[in-house]
Amino acid sequence: MVNRVLVVDDEQTLAQNLQAYLQAQGLEAHLAHDGASGIELAENLAPDVIVLDYRLPDMEGFQVLETVRRNRQCHFVLITAHPTAEVRERAAELGVSHVLFKPFPLMELARAVFDLMGIERQRRATDQPAEGFVERRQTRNESFPLQLYDGSWVLADRRRNGAKPPEPDDEQLLTGE
C-alpha cells in the first residue's frame, strides 16, 4: 500500500523541506504551491493525508479542504503561522484534528501524518538530530544556512570570521510566514 501525502504550501523552501522530511520517513510526498494546483493534485493523486497551509496565495486552506472533500475522503493536517481562535474553531468545525502552528518540530508533523494514516511510526536513523535539512536564505548582506533538524529549527551563524558556528540550540525556533 502506498502512503501518499500532499503538501500544499506557497513557501517553496519550507514545502521542499517538508517533502524531503516526509520522504525520509518512507512516505510518498508531493507538493503544490497554491490552492488550485493543490485541489487538482488531490484529485489525481488521491493522497491519504494533505498537509495544508492556512494562507495560500489564491485562497484559504479551508477552501481547498472543502473542495477536495466533495469528491474524496482524505485526512488533513493544517499548518499555520496565524493560530487565531477563529482558525482553530473553523478547523474543529471541519473535523481537522491536527493543527500545527509554525514553527513546529518536524517530528510533530510525522506524528500527525502517521496518526491519521493509522500507521505505527518506526523510529528511524533520521530521528537523530545530526540528520538535518539545509535551507539557504539570502538576506541583503549575509547568506546563512538555516538548518532544520528533526525536532527543531536551528539558525547556524557563520558570520564570525571563520569561527566555528555555535552548537545548535534546541530551544531556538525560526518562523515561516
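Presented here is an overview of the structure given in this document.

Rules of the game
Residues numbered from 1 in each chain as written. Predicted model: local features only at pLDDT ≥ 70, side-chain atom pairs only at ≥ 80, totals over all residues. Heavy atoms only, no water. Core = buried A, V, L, I, M, F, W, Y, C linked by side-chain atoms within 4.5 Å. Buried < 20%, exposed > 50% of the residue type's maximum accessible area, 1.4 Å probe, protein only. Helix = DSSP H or I, 4+ residues; strand = E, 2+ residues; numbered from the N terminus. Contact = heavy atoms within 4.5 Å. Pairing = 2+ DSSP bridges. Axes fitted to C-alpha atoms, helices over the stretch in contact; angles between N-to-C directions. Phe/Tyr/Trp six-rings, centres within 6.5 Å; stacked < 30°, edge-to-face > 60°. Lys NZ or Arg CZ within 6 Å of the ring centre and 35° of its normal.

1. Re the nonpolar core
- Of all hydrophobic cores here, the largest spans 24 residues; its most connected members are L18, L22, V51, V77, L109 and V113.
- Only β1 (4-8), α1 (12-24), β3 (49-53), β4 (75-80) and α5 (106-117) provide two or more residues apiece to this core.
- In terms of residue count, the dominant contributor to this core is α5 (9 residues).
- Here L109 is in contact with L18, L22, V51, V77, L100 and F104, once residues within four sequence places are set aside.

2. Examining the sheet that holds β3
- Taking strand neighbours across the sheet as the criterion, the 5 strands line up as β2-β1-β3-β4-β5 in an open arrangement whose pairing is parallel. Of all the strands in the sheet, just β2 (28-32) and β5 (98-101) have a single pairing partner and so form its edges. Here the average twist between neighbouring strands, direction ignored, is 20 degrees.
- In the sheet, β4 pairs with β5 via 4 bridges, with the strands oriented parallel. Within β5, the position partnered with L78 by the bridge is V99.
- Along the sheet face, helix α3 (residues 61-71) touches β3 and β4 and points at about 155 degrees away from the line of β3.
- Taken strand by strand, α5 contacts β1, β3, β4 and β5, and its axis lies near 160 degrees from that of β4.

3. Regarding the packing of aromatic side chains
- Within the structure shown, the criterion is met by 1 aromatic pair.
- Considering the side-chain rings of Y54 and F62, the 5.6 Å spacing of their centres and the 65 degrees angle between planes classify their relative orientation as edge-to-face.
- Overall, F62 belongs to the buried group, its relative accessible area being 3%.
- One residue, R90, lies across the ring of F62, its end atom 5.6 Å from the ring centre.

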